[in-house]
Amino acid sequence: SASMALSETGMLLITAATGKIGSIVVEQLSARGIAARALIRNPGQARDLPGIDWMIGDFEDGASMAAALDGVDVMYLACGESQRKVELEKQAIDAASSARVTRVVKVSASDAHDDNASDFRRGNGMIERYLRDSGLAWTILRPTMFNQSLDLLAIAQKGELLSPQGDATTPFIDVRDIADVAVAVLTAENHHDRIYDLTGPDALTLDALAVVVSEVCGKPVTCRHVTDAESYRGLLEAGVDEGMARSMIAHWQSYRARPAALISGWTEILTSHPPRTLRAYLEECVAASGIS
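Residues numbered from 1 in each chain as written. Predicted model: local features only at pLDDT ≥ 70, side-chain atom pairs only at ≥ 80, totals over all residues. Heavy atoms only, no water.

Student: In this structure, what is going on with the environment of Leu12? I would like to understand it.
Tutor: Mapped onto the elements, Leu12 comes out in strand E1 (residues 12-14). For Leu12 and Gly71, which are 59 residues apart along the polypeptide, the C-alpha to C-alpha distance reads 9.1 Å. Discounting residues that sit within four places of it in the chain, Leu12 has contacts with Ser7, Leu29, Ile34, Ala36, Arg37, Val72, Val74, Leu186 and Thr187. (Helix = DSSP H or I, 4+ residues; strand = E, 2+ residues; numbered from the N terminus. Contact = heavy atoms within 4.5 Å.)

Listed below in structure tokens is the structure:
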């Protein structure tokens, strides 16, 4: 087997190693011959990847974090969406400080700010602030909406896309590109105290997205603009709890407040390849599903 080398930044710990991005990060590190630790909640999540040392742990279990972080230089910080995300990621940052980690690479969100009306963006902004005040060196990745968050089959079957965000645009990004950027910044020294806004190569209104989905699937898909109140009622009818529904309304309002989305070139600069397009991702979905 290929001998594994440490990254030039030292020992890496990848948290959320089974997440949408983290699972690709550990695969890529392994493929590149870079040794790393990967944090998982239960042993059944471990995969056979050369050079990856699977550690069982939880942000709330201080002893498990101390063990996972022992000798670690750089921690990749991510956490699944939960009502307690802010508290959990703060605990992970505290554990990294105690373990004398050098730098934390945090996956955040576009427009993350600790006074954003969107709970999702505000929560990430609060964690960013805590990290920046921690005394650790940091790198923050702020991706936009994931290509992989679109359920192509469901949209094609329904034939309708609802737009609660008016004419605001979303520059979707592929999780594989976020992972590529994460590997690049985890394994090189020159990304201290930097924030990278990460987007795909084009920004689409939901009207434009409906056109792309129609073309890729070969089925008509229309876009219908809905009010906040109609969106809210629809979320409640779909079984979303009131707190989450309010958060989603505020999130969509935050898009409308800034209709001109930034298209960022950081993916190409940091990985040396252009970002994948949403259309290419949707075409992959069609090929994989056999819709025609």
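From this point on, the discussion continues.
Student: Would you take a moment to explain the pairing of strand E2 (residues 36-40) for this structure?
Tutor: In summary, the side chains of a regular strand alternate between the two faces of the sheet. E2 sits mainly inside the fold: 5 of its 5 residues count as buried. Residues Ala36, Ala38 and Ile40 of E2 are buried on one face, and the alternating residues Arg37 and Leu39, pointing to the opposite face, are buried as well. Assessed by its sense of winding, the connection that carries the chain from E1 through helix H1 (residues 22-31) to E2 is right-handed. In this structure, E2 lies alongside strand E3 (residues 52-56), joined through 5 bridges in parallel fashion. Pairing of Ala36 across the sheet is with Ile52, part of E3. (Buried < 20%, exposed > 50% of the residue type's maximum accessible area, 1.4 Å probe, protein only. Right-handed = clockwise from strand over helix to strand, strands pointing away. Pairing = 2+ DSSP bridges.)

Student: Explain empty space enclosed by the protein to me, please; I cannot follow it from the model alone.
Tutor: Any space left empty among the atoms is revealed by the rolling of a water-sized probe across them. Across all of its chains, the model carries 1 cavity of 30 Å³ or more by this definition. Here the largest cavity defines a volume of roughly 80 Å³. Along the walls of the largest cavity sit Ser110, Asp111, Arg121, Thr144, Met145, Thr169, Thr170, Pro171, Ser254, Tyr255, Arg258 and Ala261, which together make up its complete lining. In the lining of the largest cavity, the residues fall into 4 nonpolar, 5 polar and 3 charged. (1 Å grid on protein atoms, 1.4 Å probe; cavity = no way out; pocket = protein on both sides within 12 Å on 5 of 7 lines; lining within 4 Å. Points joined across faces, edges and corners; volume = space filled by probe spheres on them. Nonpolar A, V, L, I, M, F, W, Y, C, P; charged D, E, K, R; others polar.)

Student: When you look at the nonpolar core in this model, what are you seeing that I'm missing?
Tutor: Soluble globular proteins tend to bury their nonpolar side chains together. Ile21 and Val25 are the most contacted members of the largest nonpolar core, which totals 34 residues. Of all the secondary structure elements, the ones that give two or more residues to this core are E1, H1, E2, E3, strand E4 (74-77), strand E5 (103-107), helix H6 (175-186) and strand E8 (194-198). Beyond its immediate chain neighbours, meaning those up to four positions away, Ile21 contacts Tyr76, Val107, Phe146, Val175, Ile178 and Ala179. In this structure, Leu13, Leu88, Ala95 and Val104 belong to the second largest nonpolar core, which totals 25 residues. (Core = buried A, V, L, I, M, F, W, Y, C linked by side-chain atoms within 4.5 Å.)

Student: Before we go on, may I ask you to explain the packing of aromatic side chains in this structure?
Tutor: The geometry of two aromatic rings is summed up by the distance between their centres and the angle between their planes. One pass over the full model with this rule turns up 1 aromatic pair. With a centroid separation of 4.8 Å and 65° between ring planes, the pair formed by Tyr196 and Trp266 is classed as edge-to-face. Residue Tyr196 is located in strand E8, and its partner Trp266 is located in helix H10 (residues 266-271); the two are separated by 70 residues in the primary sequence. Residue Tyr196 is classed as buried on the basis of its relative accessible area of 4%. In this structure, Arg121 packs its charged tip against the face of Tyr255, placed 4.7 Å from the ring centre. (Phe/Tyr/Trp six-rings, centres within 6.5 Å; stacked < 30°, edge-to-face > 60°. Lys NZ or Arg CZ within 6 Å of the ring centre and 35° of its normal.)

Student: Quick question: what am I supposed to make of the state of the cysteines here?
Tutor: Think of a disulfide as a covalent bridge from one cysteine sulfur atom to another cysteine sulfur atom. Applying the stated criterion across every chain yields a total of 0 disulfides. Between Cys223, a free cysteine, and Cys217, which holds the nearest cysteine sulfur, the sulfur-to-sulfur gap is 15 Å. Cys285 takes part in no disulfide bond, and the closest cysteine sulfur to it belongs to Cys217, at a distance of 8.8 Å. Taking relative accessible area as the criterion, Cys285 reaches 19% and is therefore assigned buried. (Disulfide = S-S within 2.5 Å.)

Student: Please clarify how the packing of H1 against H6 should be interpreted in this entry.
Tutor: When two helices pack together, their arrangement is given by the angle between the helix axes and by the axis-to-axis distance. Between H1 and H6, the least distance of the axes is 9 Å, while the angle of their chain directions is 55°. With respect to each other, H1 and H6 are oriented oblique. Viewed along their axes, H1 and H6 form a crossing whose handedness is right-handed. Only Val175, Arg176, Ala179, Asp180, Ala182, Val183 and Leu186 of H6 make contact with H1, whose side of the interface consists of Ile24, Val25, Gln28 and Leu29. For the contact of H1 with H6, the class distribution of residues is 8 nonpolar, 1 polar and 2 charged. (Axes fitted to C-alpha atoms, helices over the stretch in contact; angles between N-to-C directions. Parallel < 35°, antiparallel > 145°, perpendicular 65-115°, else oblique. Left-handed = near helix turned anticlockwise from the far one by under 90°.)

Student: Is there a simple way to explain the sheet that holds E5 in this structure?
Tutor: Adjacent strands of a sheet pair through backbone hydrogen bonds, lying either parallel or antiparallel. The 7 strands are arranged E3-E2-E1-E4-E5-E6-E8 in an open sheet whose pairing can be described as parallel. Strands at the two margins of the open sheet, each flanked by one partner only, are E3 and E8. Recorded for the sheet is a direction-independent mean angle of 20° between the axes of neighbouring strands. Summarising the sheet, E5 and strand E6 (residues 137-143) pair through 5 bridges and their orientation is parallel.

Student: Looking at this model, I keep getting lost on the side chain of Ser64. Mind explaining?
Tutor: In this structure, Ser64 sits in helix H2 (residues 62-69). Not counting chain neighbours up to four residues away, the residues in contact with Ser64 comprise Ile56, Gly57 and Asp58.

So, to be careful, I would describe these as geometric facts and stop short of saying anything about function.
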